[in-house]
2 protein chains.
Amino acid sequence: MLSDKFTISHEQLHSAIVEIFTSIGMPYDHAKLVADVLVEAELRGIPSHGVVRIKDYLGLWSQNRLNINAKPKIEYETLSTALVDGDNGLGMISGNFAMQSAISKANDAGTGWVAVNNSNHFGIAGYYALMAIDHDMIGIAMTNANPTVAPTFSKQAMLGTNPIAFAVPTKNEQVFLADFATAPIARGKIELLEKQGKSVPKGMLQTCDGIPVTDPTAIKHGGTILPLGGDYEHAGHKGYCLTAIVDILTAVISGANFGPFVPPQVSYIKEKNNCPGKGLGHFFGAIRLDAFRPAEKVKEYMDLWIQTMRSALPIDTEQPVLIPNDPEIEMIDFHKTNGITLLPEILNELKKTLNELSIPIPDNLT
Amino acid sequence: MLSDKFTISHEQLHSAIVEIFTSIGMPYDHAKLVADVLVEAELRGIPSHGVVRIKDYLGLWSQNRLNINAKPKIEYETLSTALVDGDNGLGMISGNFAMQSAISKANDAGTGWVAVNNSNHFGIAGYYALMAIDHDMIGIAMTNANPTVAPTFSKQAMLGTNPIAFAVPTKNEQVFLADFATAPIARGKIELLEKQGKSVPKGMLQTCDGIPVTDPTAIKHGGTILPLGGDYEHAGHKGYCLTAIVDILTAVISGANFGPFVPPQVSYIKEKNNCPGKGLGHFFGAIRLDAFRPAEKVKEYMDLWIQTMRSALPIDTEQPVLIPNDPEIEMIDFHKTNGITLLPEILNELKKTLNELSIPIPDNLT
């Protein structure tokens, strides 16, 4: 099945990640969660949130900036809410804990909302939103992120690309999942365009002086990402509002760091000092469908919503109108059948990590 | 104070609107709510949601498409949620009822979430979000709207401009309020640009064939608004996700009409037949700050968030970085001092309505 020596099955990848994190002392259940989320990102075709992150997490750990024995705990709660301290662990640990808590609150109170402080990178937001689906609940997950985005009229990086994931159960259609950064482009994607010698589309990037550019190298010289929409004329202030809302829900409510104070999630960037909050912040929600109407009715209606949008007239008949999650579902099927092909540099990094930790490298990769 | 015969004080305008709606038989308390919301829009400098709507509401009523004696009621509830039937009244009536219910639920359960079906136009979303502020709660309000926006890759109007309002209490800074349509431009604004002989900025509009245009007349010939961001290359699929989420929360949960089935809010567009849901939908939320941390701490932290964003380096020192709600607060002050100046055609329409209903026209307008 596996086409070449750069391709690994998702099961192999999962085992390798579990071994990496248990070998440095992370509890097995936690290592499994980290592997679940990173492999899910690779399966969905979001490699920026997959294997490439392992080195970052290990780097933060080796600098004592990440607690691999984190024990997230509820600091305060009401019938429908909780505040969770992530104990400076990876966001997968606090995220899983917090989302389960949101689901449990929703069971009792109709909805559950959990804010997390003192956390770190949690991978793809969609993973947590999807946890609600089997409970016939809408799932919501958000995180803030280190600053790369300038508010409207500014040339300074003050906000992260702060993603939102929103998952809705269905009856017969595939699950609805919108999982998107609230900025128009990720920093990693800008770097990829640079490597490929390509330009960044207009309205996404500006120089350190706030001049609009399409040259991806601008970001290395103090440039910033514009909010979704672009500049003020192109309604970028709406994107600014959206990214701000995620920052407020994840950090202002929880007491995590906001905006420019969000801790970097890579070890080559130094820790920030004198920050006003605790770590990085997340926000999770679970909404029981039958807290409003019978769940079966809502799921049938969601099917109709999906069928209706899918039937919208396409501009080009070769490119049908998509429902959020369509491309990712296709990628999951492909990757489960054909394995996950890693970029040579990412694969070499993974092999190096495995070697350093004396973990055997799967035969087909050597 | 009032500068000319096109200018009316907000108190005069409020009285006139109350008289208009009570004279056709709307209960006084409801007419007052309608006036509160429409005047608040004018004060905030959002005339597209102010006086201009009176004619639309009266038109719908005269065609028996709007119930001016609506009695919104809770159809189902849990500790933190409720489903409200708006009884086919104006959205101000069900919106006020639902937001109060959300606040009351939040008092008991930490948060409150109320979905509304069988409703109509509710004016500015920000009005309802702000109702939560005095209770030390975050307020959230959304509505769907009749379709003008095409999903990514489509040339068909399938979604409304579906606004979101999000209000956050502060300690010493002015209240944070982000109130924004999730599409880049409103249909009314496109018409205004046409009247002024101006172009629509790039990435906002396409022809009935899905060709990008800046010519505002395209919208009259079957053209559609693009999602926030623009086309797929410019990350418009993220705007599509956002608008879709509002449609799902307001209509799929509540059983209101979604997307292309949302009833028109002007009388010159015919009613739709065979729609799958009940009326138009809203969604409201209230989040008690102290359901997570002491409210004073959250409010102080929100002040710091605002001060931090305001201090971001501006591109142009003549245009400081703004916090959402800054321009509107300035407009409120201006309009309270100088009165609200109506466009001649809007004022004439208002006078005509007052005449028809035998309501005296304020002296200074004659």
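Residues numbered from 1 in each chain as written. Chains lettered and ligands numbered in written order. Predicted model: local features only at pLDDT ≥ 70, side-chain atom pairs only at ≥ 80, totals over all residues.

### A closer look at the overall build of chain A
Moving on, step 1. Counting secondary structure elements, chain A contains 10 helices and 12 strands.
Moving on, step 2. Whereas a compact globule of 366 residues would reach a radius of gyration of roughly 21 Å, chain A reaches 21 Å, a difference of no more than 12%.
Moving on, step 3. Each principal axis of the C-alpha atoms in chain A carries an extent, and together these give about 55 × 50 × 50 Å.
Moving on, step 4. Within the span of chain A, comprising 366 residues, buried residues form 56% of the whole.
Moving on, step 5. Across chain A, contacts joining residues at least 24 apart in sequence account for 61% of those joining residues at least 6 apart. (Helix = DSSP H or I, 4+ residues; strand = E, 2+ residues; numbered from the N terminus. Rg over C-alpha atoms; globule rule 2.2 N^0.38 Å. Buried ≥ 20, exposed ≤ 12 C-beta atoms within 10 Å, placed from the backbone. Contact = placed C-beta atoms within 7 Å.)

### Describing the interface of chain B and chain A
Where interface size is quoted, it is often the accessible area lost as the parts come together.
Moving on, step 1. Contact with chain B, which involves 66 residues of that partner, is made by 66 residues of chain A.
Moving on, step 2. Those elements that place two or more of their residues in the side of chain B that touches chain A are strand 3 (81-85), strand 4 (111-119), strand 6 (163-168), strand 7 (176-181), helix 7 (236-252) and helix 8 (295-310) of chain B.
Moving on, step 3. A per-element tally of the side of chain B that touches chain A places helix 7 of chain B first, with 8 residues.
Moving on, step 4. Residue composition of the side of chain B that touches chain A, grouped by class: 44 nonpolar, 18 polar and 4 charged. (Nonpolar A, V, L, I, M, F, W, Y, C, P; charged D, E, K, R; others polar.)

### Description of the sheet that holds strand 8 (residues 205-206) of chain B
All names here are of chain B.
Moving on, step 1. Pairing within the open sheet is antiparallel, and its 3 strands lie in the order 9-8-10. Two strands close off the open sheet at either side, each with one partner strand: strand 9 (212-213) and strand 10 (224-225).
Moving on, step 2. Sheet topology note: the strand 8/strand 10 ladder contains 2 bridges and is antiparallel. In the strand pairing of strand 10, Leu205 is matched with Ile225. (Pairing = 2+ DSSP bridges.)

### Digging into the relation of the copies chain B and chain A
Moving on, step 1. Of the two same-sequence chains, chain B is brought onto chain A (RMSD 0.0 Å, axial shift 0.0 Å) by a rotation of 180°. Considering both components of the superposition, the chain copies are consistent with a two-fold axis. If distances are taken from each C-alpha of chain B to the rotation axis, the shortest is found for Gly229(B), at 2.1 Å.
Moving on, step 2. Residue by residue, 100% of the interface of chain B is reproduced at the interface of chain A, so both copies engage with the same surface. (Least-squares fit on C-alpha atoms with pLDDT ≥ 70 in both.)

### A closer look at the domain arrangement of chain A
All names here are of chain A.
Moving on, step 1. Here chain A is partitioned into domain 1 (7-66 + 337-365) and domain 2 (73-292).
Moving on, step 2. Its C-alpha centre places domain 1 at a distance of 23 Å from the equivalent point of domain 2.
Moving on, step 3. Tallying the contact residues gives 18 residues for domain 1 and 16 residues for domain 2.
Moving on, step 4. Elements with a contribution of two residues or more to the side of domain 1 that touches domain 2: helix 2 (28-43) and helix 3 (52-62).
Moving on, step 5. Top contributing element to the side of domain 1 that touches domain 2 by residue count: helix 2, with 7 residues.
Moving on, step 6. Considering only residue class, the side of domain 1 that touches domain 2 consists of 9 nonpolar, 5 polar and 4 charged. (Domains from an automatic or database assignment.)

### Description of unusual backbone geometry
Moving on, step 1. Even without a glycine there, the phi angle at Asp136(A) is positive, about 55°.
Moving on, step 2. You can see Asp136(A) is positioned in the loop between helix 5 (125-130) and strand 5 (137-143).
Moving on, step 3. Positive phi is not limited to glycine here, since Asn64(B) has a value of about 60°.
Moving on, step 4. Here Asn64(B) shows up in the loop between helix 3 (52-62) and strand 2 (73-77).
Moving on, step 5. For Asn64(B), a count of 9 C-beta atoms within 10 Å gives the class exposed.

### Considerations on the packing of helix 1 (residues 10-23) of chain B against helix 2 (residues 28-43) of chain B
All names here are of chain B.
Moving on, step 1. Viewed as axis vectors pointing N to C, helix 1 and helix 2 meet at an angle of 140°, and their least axial separation amounts to 8 Å. Taken as axis vectors, helix 1 and helix 2 run oblique relative to one another. Here helix 1 runs over helix 2; the crossing is right-handed. Residues His10, Leu13, His14, Ile17, Val18, Phe21 and Thr22 of helix 1 pack against Tyr28, Ala31, Lys32, Val34, Ala35, Leu38, Val39, Glu42 and Leu43 of helix 2.
Moving on, step 2. Class assignment of the residues belonging to the contact of helix 1 with helix 2 gives a composition of 11 nonpolar, 3 polar and 2 charged. (Axes fitted to C-alpha atoms, helices over the stretch in contact; angles between N-to-C directions. Parallel < 35°, antiparallel > 145°, perpendicular 65-115°, else oblique. Left-handed = near helix turned anticlockwise from the far one by under 90°.)

### Comments concerning the environment of Ala98(A)
Residue and element names in this part refer to chain A.
Moving on, step 1. Here Ala98 is to be found in helix 4 (residues 91-109).
Moving on, step 2. When the C-alpha positions of Ala98 and Val114 are compared, they lie 5.9 Å apart, and in sequence the two are 16 residues distant.
Moving on, step 3. Every residue in contact with Ala98, bar those within four places of it in the chain, is listed here: Val84, Val114, Val116, His282 and Phe284.

### A few points about helix 4 (residues 91-109) of chain B
Moving on, step 1. With 19 residues, helix 4 of chain B extends 25 Å between its outermost C-alpha atoms, agreeing within 8% with the 27 Å of an ideal straight helix rising 1.5 Å per residue.
Moving on, step 2. In terms of residue burial, helix 4 of chain B counts as a mostly covered element, since 15 of its 19 residues are buried. (Expected span 1.5 Å × (residues − 1).)

### Describing helix 2 of chain A
All names here are of chain A.
Moving on, step 1. Between its terminal C-alpha atoms helix 2 stretches 22 Å, which fits the 22 Å expected from 16 residues at 1.5 Å a residue.
Moving on, step 2. Among all positions of helix 2, only His30, Ala31, Leu33, Val34, Ala35, Val37, Leu38, Val39, Glu40, Ala41 and Glu42 are buried.
Moving on, step 3. On its buried face, helix 2 sits against helix 1 (10-23), helix 3, helix 4, helix 5, helix 9 (326-338) and strand 12 (340-341).

### Quick look at the sheet that holds strand 9 (residues 212-213) of chain A
Moving on, step 1. With antiparallel pairing, 3 strands are arranged side by side in an open sheet as 9-8-10 (chain A). Lying at the two open borders of the sheet, with one neighbouring strand each, are strand 9 and strand 10 (224-225) of chain A.

### Details of the pairing of strand 7 (residues 176-180) of chain A
All names here are of chain A.
Moving on, step 1. With respect to burial, strand 7 is a largely interior element, 5 of its 5 residues being buried.
Moving on, step 2. In strand 7, alternate side chains face the same way, and those of Phe176, Ala178 and Phe180 on one face and Leu177 and Asp179 on the other are all buried.
Moving on, step 3. Here strand 6 (residues 164-168) runs beside strand 7; their pairing, made up of 5 bridges, is antiparallel. Counted as the bridge partner of Phe166 is Ala178 from strand 7.

### Concerning the pairing of strand 7 of chain B
Residue and element names in this part refer to chain B.
Moving on, step 1. The element strand 7 is extensively covered by neighbouring structure, given that 6 of its 6 residues are classed as buried.
Moving on, step 2. What you see with strand 7 is no split at all: Phe176, Ala178 and Phe180 on one side and Leu177, Asp179 and Ala181 on the other are buried throughout.
Moving on, step 3. Across 6 bridges, the pairing between strand 6 and strand 7 is antiparallel. Note that in strand 7 the partner of Ile164 across the bridge is Phe180.

### Considerations on the environment of Thr7(B)
Residue and element names in this part refer to chain B.
Moving on, step 1. Position of Thr7 among the secondary structure elements: in strand 1 (residues 7-8).
Moving on, step 2. Residue Thr7 is classed as partly exposed on the basis of its 18 C-beta neighbours within 10 Å.
Moving on, step 3. Thr7 sits 335 residues away from Leu342 along the chain, and the two C-alpha atoms are 6.2 Å apart.

### Some details on the nonpolar core
Moving on, step 1. Among the nonpolar cores identified, the biggest contains 240 residues, and Ile17(A), Ala129(A), Ala165(A), Ile17(B), Ala129(B) and Ala165(B) are the most heavily contacted of them.
Moving on, step 2. Leave out the neighbours within four places in its chain, and Ala165(A) touches Ala125(A), Gly126(A), Tyr128(A), Ala129(A), Ile140(A), Ala141(A), Leu177(A), Ala178(A) and Asp179(A). (Core = buried A, V, L, I, M, F, W, Y, C linked by C-beta atoms within 7 Å.)

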